[in-house]
Amino acid sequence: DTAVSQTPKYLVTQMGNDKSIKCEQNLGHDTMYWYKQDSKKFLKIMFSYNNKELIINETVPNRFSPKSPDKAHLNLHINSLELGDSAVYFCASSHGLAGPSGDTQYFGPGTRLTVL
Amino acid sequence: SQKIEQNSEALNIQEGKTATLTCNYTNYSPAYLQWYRQDPGRGPVFLLLIRENEKEKRKERLKVTFDTTLKQSLFHITASQPADSATYLCAPVNQAGTALIFGKGTTLSVSS
């Protein structure tokens, strides 16, 4: 059973195209995230949704638009792709904003996006 | 700006030895700190969490320390095994419970 799944695993596309990456979790979690891992290997948060509501939106170009149709899904749509968008994108989920009690995140396998 | 540094990009040790990985952070006051393991082509997997008021945390062969004065966390793997070979990431976590940025990791190689 896959806890957090992403599709596609690899995505190769031309500059200027629009593409989507899908994420689904079957853990019953309330919070989902998108992270970007660039070529320098830093993993940085992009967005976070709690119960379908956007709660974190880091400094990300507005070409990136997350969509959460329900608690189990958080898709990432990217318009007008640029070379610098090439990276591995990870979806993650967690129980919720647990604060001092800690909140473990469960990551998907990643989607490697290559923009040519 | 917030900065996370993990000592070296690569650490090579022999089986049976203790591996020690370092995570330093600046311009950050995390409520706690998480350590994750990442294998090639896979997403990070949670290992341990340590809170700011805890000095040390253990789980089987893993031990984590957290020094908020030095702004540093140490991650130890005792009696290391080749199966421990992976990249280990540290992630300071804010009060809301979210890791906003992860360190780029230390790749550990354990040779038999």
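Definitions and cut-offs
Residues numbered from 1 in each chain as written. Chains lettered and ligands numbered in written order. Predicted model: local features only at pLDDT ≥ 70, side-chain atom pairs only at ≥ 80, totals over all residues. Heavy atoms only, no water. Helix = DSSP H or I, 4+ residues; strand = E, 2+ residues; numbered from the N terminus. Rg over C-alpha atoms; globule rule 2.2 N^0.38 Å. Buried < 20%, exposed > 50% of the residue type's maximum accessible area, 1.4 Å probe, protein only. Contact = heavy atoms within 4.5 Å. Areas by Shrake-Rupley, 256 points an atom, 1.4 Å probe, with all protein chains shown as cover. Lys, Arg positive; Asp, Glu negative; His and termini not counted. Charge placed at Lys NZ, Arg CZ, Asp CG, Glu CD. Pairing = 2+ DSSP bridges. Buried area = accessible area lost by both parts, 1.4 Å probe. Salt bridge = Lys/Arg side-chain N within 4 Å of Asp/Glu carboxyl O. Polar contact = N/O pair within 3.5 Å; in protein donor to acceptor, adjacent residues only side chain to side chain.

Engineer: Got a minute to help me understand the overall build of chain B in this structure?
Structural biologist: When helices and strands are counted, chain B shows 0 helices and 11 strands. In sequence order, the secondary structure elements of chain B are arranged as β-β-β-β-β-β-β-β-β-β-β. Against the 2.2 N^0.38 benchmark of 13 Å for 112 residues, chain B shows a C-alpha radius of gyration of 13 Å, consistent with a compact globule. Along the first, second and third principal axes, the C-alpha set of chain B runs to 40 × 30 × 20 Å. In chain B, which comprises 112 residues, the proportion classed as buried is 49%. Within chain B, residue pairs in contact and separated by at least 24 positions form 54% of the contacts whose partners lie at least 6 positions apart. Within the structure as shown, chain B displays about 5400 Å² of accessible surface, and the carbon and sulfur contribution to it stands at 47%. Considering chain B, the positive charge centre built from 13 side chains and the negative charge centre built from 10 side chains are found 1 Å apart.

Engineer: I'm lost on the pairing of strand 9 (residues 87-94) of chain A in this one. Help?
Structural biologist: On any regular strand, side chains alternate: one points to one face of the sheet, the next to the other face. All names here are of chain A. Counting buried positions over the 8 residues of strand 9 gives 8, a clear majority of the element. Residues of strand 9 alternate between two faces, with Ala87, Tyr89, Cys91 and Ser93 on one and Val88, Phe90, Ala92 and Ser94 on the opposite face, all of them buried. Of the pairings in the sheet, the one linking strand 4 (residues 31-37) to strand 9 comprises 7 bridges and is antiparallel in character. Opposite Trp34, over in strand 9, you have Cys91 as the bridge partner. Summarising the sheet, strand 9 and strand 11 (residues 111-115) pair through 3 bridges and their orientation is antiparallel. Within strand 11, the residue paired with Tyr89 across the bridge is Thr111. Where strand 9 and strand 10 (residues 106-107) come together, 2 bridges link them in antiparallel fashion. Residue pairing in the sheet places Ser93 in a bridge with Tyr106 of strand 10.

Engineer: How should the interface of chain B and chain A be read in this particular structure?
Structural biologist: Interface extent is often summarised as the accessible area lost during association of the parts. The interface of chain B with chain A comprises 23 residues on the first partner and 25 residues on the second. Carbon and sulfur atoms supply 54% of the area that chain B and chain A bury against each other, a total of about 1800 Å² over both sides. Between chain B and chain A we count 0 salt bridges in total. Counting every contact that joins chain B to chain A gives 4 residue pairs in polar contact (both at pLDDT 80 or more). Mapped by element, the contributors of at least two residues to the side of chain B that touches chain A are strand 4 (32-38), strand 5 (45-51) and strand 10 (101-102) of chain B.

Engineer: How should unusual backbone geometry be read in this particular structure?
Structural biologist: Phi is mostly negative for residues that are not glycine, and the peptide bonds are mostly trans. For the bond from Thr7 of chain A to Pro8 of chain A, the omega torsion is -5°, close enough to zero to count as cis. Backbone geometry at Glu60 of chain B places phi at a positive 55°, although glycine is not the residue there. Take Glu60 of chain B: it is sitting in the loop between strand 6 (56-59) and strand 7 (62-67).

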